[in-house]
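Understanding the architecture of this molecule
Here are the chains, one letter per residue:
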Amino acid sequence: MPPPDAECYVCSSASGERLHLWLRSLAAGGVWAWLEESDLPAVELTREESDRLLALWTDLRRMLHERVTTDQLRCVVVTEVDSRQRTALVYGLQDGCITYWRTGEPRDPVLLDVHAVDELIEAWNDVLA
């Protein structure tokens, strides 16, 4: 359950699944984040981790626009809120979409099209502002 001061940002996966990403700004520029459709707990990102994730999304969006193909995976390591263990948010490109999954996630990777990535970047920037 998200904290009362978290904001919900809704986007759709490339397959049309509605995704609810809860975000909250933390002290020193960090971000608390939870994907409601996931079975995994929320994560906290430091300002540095948050900046890396935003740069990763921006670069992958550029690659989608340029129709780049690659099997390279990229990740940002963050902290699970409940256990305080480190976990990886993993992204890649596949069939004109960005793939997302998290270590330990029982579900298949989520496919995000360029519109969903634009919405993620906009939401992230709103929280950091």
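Residues numbered from 1 in each chain as written. Predicted model: local features only at pLDDT ≥ 70, side-chain atom pairs only at ≥ 80, totals over all residues. Heavy atoms only, no water.

On to the environment of S50, then. Locating S50 in the fold gives a position in helix α1 (residues 47–65). Exposure remark for S50: the relative accessible area of 0% places this residue in the buried category. For the pair S50 and G29, spaced 21 residues apart in sequence, the C-alpha to C-alpha distance is 8.2 Å. When sequence neighbours within four positions are dropped, the list of residues in contact with S50 reads G29, V31, L45, W124 and L128. (Helix = DSSP H or I, 4+ residues; strand = E, 2+ residues; numbered from the N terminus. Buried < 20%, exposed > 50% of the residue type's maximum accessible area, 1.4 Å probe, protein only. Contact = heavy atoms within 4.5 Å.)

Let us look at the environment of A14. Looking at the secondary structure, you find A14 in the loop between β1 (7–12) and β2 (18–25). Residue class for A14 comes out partly exposed when judged on its relative accessible area of 37%. Between the C-alpha atom of A14 and that of N125, which follows or precedes it by 111 residues, the distance is 22 Å. Discounting chain neighbours no more than four positions away, the residues touching A14 are C97, L111, L112 and D113.

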